[in-house]
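# Structure assessment
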Amino acid sequence: MLTFIGLGLYDERSITVEGQEALRNADRAYAEFYTSKLIGTTVDDLESHHDVDIEVRDRAGVEQHPDDILAAAEDEDVAFLTAGDTMISTTHVDLRLRAHDRGIETRVIHGVTAQTATSALTGLQNYRFGKATTLPFPYAHGADGLPASVTRTIDDNREDGLHTVVYLDIKVDNEAATNRLEGDEAVEEYMTADVGATLLAEEYPDLVGVVVARAGSPDPLVEADTMAALAEREFGDPLHLLVVPGDCHLLEADALVELAGVDRDDLDIV
């Protein structure tokens, strides 16, 4: 059995009760934290809290060389852990399909996602979100200005009156050195909302953005203003993301005014 377990958004306690039971009963546990990370904990704390040993895999160890994970799951109960909900990334869908090809039974134990938490924290209705996009670090895509994938997603959603979640880039370990000068030290990088707003303000200076920071933690932050104004602020520790509101229902507008401090006149209300 290969069980995919979402760890939730923040620390070792964010996992569901069902996920915790499955993890503690597993014979082996693997994890990846390159698609996202639990900012409020460490691998050591996860292992101590759940009384398990966890082998953390890099991108290559999951996407290119997962054979040892799959071989273990042929004879043992194996847990595969990720932050958030474990099936949000296509990486994990691919791993699940590889398991099926080898006749390995799989199951999924879901965790809270940034998408659902964002809707809850901002008051924007979940069914009024369109396609999401990821804003990469400029060095990661190598083009001048915003990538077309970002502008096209925002523009298409706004044309349809829909909200857009803009995930902010994460580079972990050797990924952080991609497209940099040889010899640069590889580090972990988390794009912050002020950096994201600065990039978006080049194209959309007067567009309202909503910052969601540290969703799932004891002190989440929600703050809204124009992209140009958000670019001048600091929002504390990661993880951050941005939301571009589309047309807002009256209740959504009330929520953004009350919960995020936005100027009602800056919203498109329907």
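Note that the structure is predicted; figures quoted are calculated from it, not measured. (Residues numbered from 1 in each chain as written. Predicted model: local features only at pLDDT ≥ 70, side-chain atom pairs only at ≥ 80, totals over all residues. Heavy atoms only, no water.)

## Regarding the pairing of strand β1 (residues 2–6)
Test applied: Burial classes: relative accessible area under 20% of the type maximum marks a residue as buried, over 50% as exposed, and values in between as partly exposed (1.4 Å probe, protein chains only). Secondary structure is summarised from DSSP: a helix means a run of H or I of at least four residues, a strand means a run of E of at least two, and numbering begins at the N terminus for each. When DSSP finds two or more bridges between a pair of strands, those strands are recorded as paired.
Here β1 lies mainly inside the structure; 5 of its 5 residues are buried. Burial along β1 is two-sided: L2, F4 and G6 and T3 and I5, pointing in opposite directions, are all buried. With 5 bridges joining them, β1 and strand β4 (residues 78–82) adopt parallel strand pairing. Within the sheet, the bridge partner assigned to L2 lies in β4 and is V78. Bridging between β1 and strand β5 (residues 106–109) involves 4 bridges; their strand directions are parallel. Paired with F4 across the bridge in β5 is V108.

## Quick word on the pattern of salt bridges
So the rule is basically this: Just to be clear on terms, a salt bridge is a Lys or Arg side-chain nitrogen sitting within 4 Å of an Asp or Glu carboxyl oxygen.
According to the stated counting rule, one finds 15 salt bridges in the structure shown. Residue R13 is joined to D11 by a salt bridge in which the shortest nitrogen-to-oxygen separation is 2.9 Å. The exposed category is assigned to R13, whose relative accessible area is 59%. Among the residues examined, D11 registers a relative accessible area of 7% and is labelled buried. Connected via shared salt-bridge partners are E55, R57 and D68.

## Here's the deal with the sheet that holds strand β7 (residues 164–168)
Applicable threshold: Here an axis means a line fitted to C-alpha atoms, over the contact stretch when the element is a helix, while the angle between two N-to-C directions is reported on a 0 to 180 degree scale. For this analysis, residues touch if any pair of their heavy atoms sits within 4.5 Å.
Here 5 strands make up an open sheet; going across it, the order is β6-β7-β12-β10-β11 and the pairing mixed. Each end of this open sheet is capped by a strand with a single partner; those strands are β6 (133–135) and β11 (221–226). Neighbour-to-neighbour, the strand axes of this sheet turn through a mean angle of 25°, independent of strand direction. As judged from the 4 bridges shared by strand β10 (residues 208–213) and strand β12 (residues 240–244), these two strands associate in the antiparallel manner. Considered in β12, the bridge of V212 is made with L241. Those strands touched by helix α11 (residues 250–260) are β10 and β11, and its axis lies near 110° from that of β11.

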